[in-house]
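Chain and residue survey
Each chain is listed here by its residues.
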Amino acid sequence: QVTLVESGGGLVQAGGSLRLSCEVSGSIFSINVMGWYRQAPGKQRELVAAITRNGSTNYADSVKGRFTISRDNAKNTMYLQMSSLKSEDTAVYYCNVGWRGAAGTGGSWGRGTQVTVSS
C-alpha cells in the first residue's frame, strides 16, 4: 500500500507565501512523476505543477513565476513553494505520484490540504 500525506496548507493573506509538502510511504522501489493538483469549489481538478525523477518540471500558466516545485528523492518527498499568492489560488491541493513497486506500477493520490488566500 502506498500512502501520500500532504501538509503545509493554511490561511494566508494575498501576497503571502506557503510551502506544501507531500511525503510518500509504502512498498515502492521508485517514484517517477510527482505532481500537485488543485480543486477549487465548483471547479474541476487541475494540474498545478509536475516534476520528473530527474528534475524536469512543468507548470500551469497561472502559477508560472510564483510557484516552485521540487522533490527530495532520498526522502520520497515533494514540495510546492507558493509565493505571491492570490485569492484565485484558494483550493484544496492534492499530490499525485506515479510509482513502481513489488506489485508493479501504479498511481496514488493524497487526501489534500486546504489553501485559503484572503484578499
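For the structure itself, consult the block above.
These notes cover the structure that comes with them. Worth saying up front: this structure is predicted, and the values here are computed from it rather than measured. (Residues numbered from 1 in each chain as written. Predicted model: local features only at pLDDT ≥ 70, side-chain atom pairs only at ≥ 80, totals over all residues. Heavy atoms only, no water.)

**A word on the packing of aromatic side chains**
- In the structure shown here, the tally under the stated rule is two aromatic pairs.
- Measuring from ring centre to ring centre gives 4.9 Å for Tyr-37 and Trp-109, while their planes differ by 65 degrees; the resulting arrangement is edge-to-face. Separated by 72 residues along the polypeptide, Tyr-37 in strand E4 (residues 28–39) and Trp-109 in strand E10 (residues 104–109) bring together distant segments of the chain.
- Take Trp-109: its relative accessible area is 40%, and that puts it in the partly exposed class.
- Arranged with centres 6.5 Å apart and planes meeting at 85 degrees, the rings of Tyr-94 and Trp-109 form a pair that is edge-to-face. Taken together, the residues Tyr-94 in strand E9 (residues 91–101) and Trp-109 in strand E10 connect sequence positions 15 residues apart.
- Looking at Tyr-94, the relative accessible area reads 14%, which means it is buried.
- Clustering of aromatic rings is evident, with ring pairs tying together Tyr-37, Tyr-94 and Trp-109.
- Its end group placed over the ring of Tyr-79, Arg-19 keeps NZ or CZ at 4.1 Å from the ring centre. (Phe/Tyr/Trp six-rings, centres within 6.5 Å; stacked < 30°, edge-to-face > 60°. Helix = DSSP H or I, 4+ residues; strand = E, 2+ residues; numbered from the N terminus. Buried < 20%, exposed > 50% of the residue type's maximum accessible area, 1.4 Å probe, protein only. Lys NZ or Arg CZ within 6 Å of the ring centre and 35° of its normal.)

**Looking at the sheet that holds strand E1 (residues 2–7)**
- Read across the open sheet, the four strands follow the order E1-E3-E8-E7; overall the sheet is antiparallel. Two strands in the sheet have a free side with no partner beyond their single neighbour: E1 and strand E7 (67–72). Pairs of neighbouring strands in the sheet enclose a mean axial angle of 15 degrees, with direction left out of account.
- Examined bridge by bridge, E7 and strand E8 (residues 77–82) share six bridges and lie antiparallel to one another. Considered in E8, the bridge of Arg-71 is made with Met-78. (Pairing = 2+ DSSP bridges. Axes fitted to C-alpha atoms, helices over the stretch in contact; angles between N-to-C directions.)

**Digging into the side chain of Thr-77**
- Inspection of the secondary structure puts Thr-77 in strand E8.
- Within the structure, the side chain of Thr-77 is placed 2.9 Å from the backbone oxygen of Lys-75, a separation counted as a polar contact.
- With near-sequence residues (within four places) excluded, Thr-77 lies in contact with Cys-22, Glu-23, Met-34, Arg-71 and Asp-72. (Polar contact = N/O pair within 3.5 Å; in protein donor to acceptor, adjacent residues only side chain to side chain. Contact = heavy atoms within 4.5 Å.)

**Remarks on the pairing of strand E3 (residues 18–26)**
- As judged from the six bridges shared by E1 and E3, these two strands associate in the antiparallel manner. If you follow Leu-4 over to E3, its bridge partner there is Val-24.

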